[in-house]
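Descriptive structure summary
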Amino acid sequence: MDFFKLIGKRRSIREYLPQLVEAEKVAQIVEAALRVPSSRGLNPWEFIVVDDPDLITGLAKAKQHGSSFLKGAPLAVVVCADPQKCDVWIEDASIAAIYISLAAEALGLGSCWIQIRERMQTETKTAEEFVREVLMIPPNIKVESIIAIGYPDRQIKGHQREELQFGKIYQNSYGEK
Ligand SMILES: Cc1cc2nc3c(=O)[nH]c(=O)nc-3n(C[C@H](O)[C@H](O)[C@H](O)COP(=O)(O)O)c2cc1C
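Residues numbered from 1 in each chain as written. Predicted model: local features only at pLDDT ≥ 70, side-chain atom pairs only at ≥ 80, totals over all residues. Heavy atoms only, no water.

Brief notes about the overall build of the protein chain
Tallying secondary structure elements over the protein chain gives 5 helices and 4 strands in all. The N-to-C order of helical and strand elements in the protein chain reads α-α-β-α-β-α-β-α-β. Structurally, the protein chain occupies a C-alpha span of about 50 × 40 × 35 Å along its principal axes. Put simply, the protein chain has 177 residues, and 41% of those count as buried. Excluding contacts between residues fewer than 6 apart, the proportion of contacts in the protein chain whose partners are at least 24 apart in sequence is 77%. For the protein chain, the accessible area works out to roughly 10500 Å², and carbon and sulfur atoms hold 53% of it. (Helix = DSSP H or I, 4+ residues; strand = E, 2+ residues; numbered from the N terminus. Buried < 20%, exposed > 50% of the residue type's maximum accessible area, 1.4 Å probe, protein only. Contact = heavy atoms within 4.5 Å. Areas by Shrake-Rupley, 256 points an atom, 1.4 Å probe, with all protein chains shown as cover.)

Here you go:
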């Protein structure tokens, strides 16, 4: 699909059909994640592809707000990284997460980012600790986000051009139009 059409129609999708994502599409999504640019080519990320319904239901409890919809998704990709491999692992992991989302979109799937890093599950437990326990992730590996993926149960229109914040684009110096 044409890149500009793809980004023009992309929206966060939180409602999914009860239809599995084909193995071939899962393979294309993870391959896309491995093709990202990465600072100094250090590739500090790691990905956990989760299609076990019990684990997905468990992960949906990672936060009090903004993760429960995951229980309706057939697929989740948990984006992790090793901060000892690269100081800018957050940027690297974020780029990978976006490639995953756009690959899903290109394959006719919907997706939504679930923020884990810097979020709490309860007052005393971080979302990251919770996800780490569910998926047995070692303590040296950070959990950045979970990308929920599935066939959309609802179509949401892409952002209209008129809504875009062109006022935030400057020419040559800050604030200059
Ligand atoms: C860094 C980041 C964190 C996000 N975290 C969540 C989240 O935890 N739960 C959620 O439902 N959506 C989350 N989203 C999706 C945003 O809410 C969504 O992108 C935004 O509202 C704009 O809508 P759109 O993606 O349909 O354009 C996140 C998006 C980003 C980029």
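Here we look at the pattern of salt bridges
In the structure shown here, the tally under the stated rule is 8 salt bridges. Glutamate 31 is the salt-bridge partner of arginine 35, the closest N and O atoms lying 2.6 Å from each other. Judged by relative accessible area, arginine 35 falls into the exposed class, the value being 58%. Across the pair lysine 142 and glutamate 128 runs a salt bridge, and its minimum N-O distance is 3.3 Å. Here lysine 142, found in strand β4 (residues 142-150), pairs with glutamate 128, found in helix α5 (residues 127-135); they are 14 residues apart in sequence, far enough to count as distant. For lysine 142, a relative accessible area of 26% gives the class partly exposed. Overlapping salt bridges bring together Glu128, Arg132 and Lys142 as one network. (Salt bridge = Lys/Arg side-chain N within 4 Å of Asp/Glu carboxyl O.)

Points about the site of the ligand
Near the ligand you find Arg10, Arg11, Ser12, Arg14, Lys63, Gly66, Phe69, Cys112, Trp113, Ile114, Gln115 and His159, and these make up its full shell. The side chain of arginine 11 places a nitrogen or oxygen atom 2.7 Å from an oxygen atom of the ligand. In the complex, 61% of the free accessible area of the ligand, which totals 620 Å², lies under the protein chains. In terms of residue class, the shell around the ligand is made up of 4 nonpolar, 4 polar and 4 charged. (Near = heavy atom within 4 Å. Polar contact = N/O pair within 3.5 Å; in protein donor to acceptor, adjacent residues only side chain to side chain. Nonpolar A, V, L, I, M, F, W, Y, C, P; charged D, E, K, R; others polar.)

Observations concerning the sheet that holds β4
Strand order in the open sheet formed by 4 strands is β1-β2-β4-β3, with antiparallel pairing between adjacent strands. The sheet terminates laterally at β1 (45-50) and β3 (110-115), the two strands that pair on one side only. On average, each strand axis in the sheet is inclined to that of its neighbour by 20°, with strand direction left out of account. Note that strand β2 (residues 75-81) and β4 share 7 bridges and pair antiparallel. When the sheet's bridge partners are listed, valine 78 is paired in β4 with isoleucine 146. Along the sheet, helix α2 (residues 23-34) contacts β1, β2 and β4; its crossing angle with β1, the most-contacted strand, is approximately 170°. The strands that helix α4 (residues 89-106) touches are β1, β2, β3 and β4; relative to β4, the one it contacts most, it runs at about 5°. (Pairing = 2+ DSSP bridges. Axes fitted to C-alpha atoms, helices over the stretch in contact; angles between N-to-C directions.)

A look at the packing of aromatic side chains
Scanning the model with the defined rule gives 3 aromatic pairs in all. The positively charged end of arginine 14 is found above the aromatic ring belonging to phenylalanine 69, 5.9 Å away from the centroid. (Phe/Tyr/Trp six-rings, centres within 6.5 Å; stacked < 30°, edge-to-face > 60°. Lys NZ or Arg CZ within 6 Å of the ring centre and 35° of its normal.)

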